[in-house]
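Analysis of the macromolecular model
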Amino acid sequence: MATRKPSEFQLIERFTSAFRLEGRGVVAGPGDDCALTRPKAGHLLVSKVDQVVEGVHFTAAFRPEEIGHKALAVSLSDLAAAGAVPRWFLVAISLRDGIGAGFVERIARGMSRLADQSGVTLVGGNFTGGAQLSIAVTALGEVKPKEALRRSGARPGDRLLVSGVLGEAALGVAKLAGGRPRRLGRSVLAQLVPVPRVALGQVVGRHASAAVDLSDGLLADLGHLCARSGVGATIDRAALPLGPEVAALGPEGALLGLTGGEDYELLLAVPPRQVASLRRAAARVGETLTEIGMLDERPGIRVLDASGRPMALPGSAGWEHFR
């Protein structure tokens, strides 16, 4: 006898049971037509929606818990780049045939662990059917107006600082292409369970002038920031903080650091007088920042090699969804 598929409302109940649904500022959460939340007085509400899609952002090599983690992580990373404190999130899941309630519960477990670590509360969502599994997360946060970061605030002379290491997630994609390896190294874990810089995001707004999260690759995302701010940039390739496995690849690793997507690190434009204080603030929340270049008035992005000469840059500077 065929197993009866759970109804939408049964799925919602089983999914939400993995979460703590009470949180600061939550007036009404799952169970009502709309979530009601109360931001802190004197704060801006920061909103971000992002989506992970089967075959694009994750494959069969991902466990359900890792899919749930990644779906929430990508939106939290954008809140961090805005300098926001994450508060609430909503989830819309499209399920293809063959995915049962147990798989959905495991997605919820992975997502709920990251939610607890980040202090963010589930307040609503939706289930529907579709041709493939996809998860859209809308994350909501708060920020003081003077600490809100945008891509358009950078100025010539600002230093460029980046959190963490670069290139590991892109290398992880290559290592997962043949299936899930028995031993998971740093690069594979960077792809399976990316770490959004939530704590760092809550201190950068006091020091930086602009920020962007590195989802499409360093060159691509720096290009977005430069375009919005009307500036150019010069990068020192030797200064790039590459992961150990990436650095071991030599020039190919440097290219991954420049163009590989899904690092979910923060790239910050920082006035020179604020660099030291930002480094101290980052250290207090357990994060390290590396200075990789500076902004200037000359249009475009230049990457200098060890001799100080401009490098030839690839025609494809990073991930673009519709290329």
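Our structure's up above, just so we're on the same page.
Calculation notes
- Residues numbered from 1 in each chain as written.
- Predicted model: local features only at pLDDT ≥ 70, side-chain atom pairs only at ≥ 80, totals over all residues.
- Heavy atoms only, no water.
- Core = buried A, V, L, I, M, F, W, Y, C linked by side-chain atoms within 4.5 Å.
- Buried < 20%, exposed > 50% of the residue type's maximum accessible area, 1.4 Å probe, protein only.
- Helix = DSSP H or I, 4+ residues; strand = E, 2+ residues; numbered from the N terminus.
- Contact = heavy atoms within 4.5 Å.
- Salt bridge = Lys/Arg side-chain N within 4 Å of Asp/Glu carboxyl O.
- Pairing = 2+ DSSP bridges.
- Axes fitted to C-alpha atoms, helices over the stretch in contact; angles between N-to-C directions.
- Phe/Tyr/Trp six-rings, centres within 6.5 Å; stacked < 30°, edge-to-face > 60°.

Some remarks on the nonpolar core
With 42 residues, the main nonpolar core has Phe15, Leu72, Phe89, Val91, Met111, Leu133 and Ile135 as its most contacted residues. For this core, the secondary structure elements donating two or more residues are α1 (8–16), β3 (44–53), α2 (64–81), β4 (85–95), α3 (101–118), β5 (121–129), β6 (134–143) and α5 (186–192). Beyond its immediate stretch of four places on either side in the chain, Ile135 contacts Asp50, Gln51, Val52, Ile67, Ala71, Val91, Ala92, Ile93, Ile107 and Met111. Within the second largest apolar cluster, 22 residues are counted, among which are Leu219, Leu222, Val231 and Ala269.

Section: the pattern of salt bridges
Side chains that differ in charge, positive against negative, can pair when their charged atoms come close. A complete count under the given rule lists 17 salt bridges for this structure. The shortest N-O distance in the salt bridge between Arg87 and Glu142 comes to 2.5 Å. In this pair, Arg87 sits in strand β4 while Glu142 sits in strand β6, placing the two residues 55 residues apart along the sequence. The exposure class of Glu142 is buried, given its relative accessible area of 2%. Across the salt bridge formed by Glu291 and Arg159, the nearest N and O atoms sit 3.8 Å from each other.

Topic: the side chain of Thr259
With respect to the helices and strands, the residue Thr259 is situated in helix α9 (residues 251–259). The class of Thr259 is buried, set by a relative accessible area of 16%.

Quick word on the sheet that holds strand β8 (residues 210–213)
Taking strand neighbours across the sheet as the criterion, the six strands line up as β8-β10-β7-β11-β9-β12 in an open arrangement whose pairing is mixed. Because the sheet does not close on itself, it has two edges, and the strands there are β8 and β12 (301–304). Taking the axes of each pair of neighbouring strands and ignoring which way they run, one obtains an average angle of 25° across the sheet. The pairing of strand β7 (residues 159–163) with strand β10 (residues 266–270) spans four bridges and is antiparallel. Directly across from Val162, in β10, lies its bridge partner Leu267.

Here's the deal with the sheet that holds β4
Pairing is mixed across the open sheet formed by four strands, whose spatial order is β3-β6-β4-β5. Edge positions in the sheet fall to β3 and β5, since each has one partner strand and no second. For this sheet, the mean inter-axis angle between neighbouring strands, taken without regard to orientation, is 15°. Sheet analysis places β4 next to β6, joined by nine bridges and oriented antiparallel. Bridge pairing in β6 links Ser94 to Ser134. The sheet contacts of α1 involve β4 and β5, and relative to β5 the element is tilted by about 145°.

Let's talk about the packing of aromatic side chains
In this structure the tally under the stated criterion is four aromatic pairs. Every member of this aromatic cluster is reached through a ring pair, and the members are Phe15, Phe19, Phe89 and Phe127.

As for unusual backbone geometry
At Glu262, a residue that is not glycine, the phi angle is positive and equals roughly 65°. Topologically, Glu262 is positioned in the loop between α9 and β10. Phi angles above zero are rare outside glycine, and Tyr264 is one such case at about 55°. Looking at the secondary structure, you find Tyr264 in the loop between α9 and β10. Tyr264 sits in the buried class, given a relative accessible area of 7%.

Shape descriptors only; they carry no functional weight alone.
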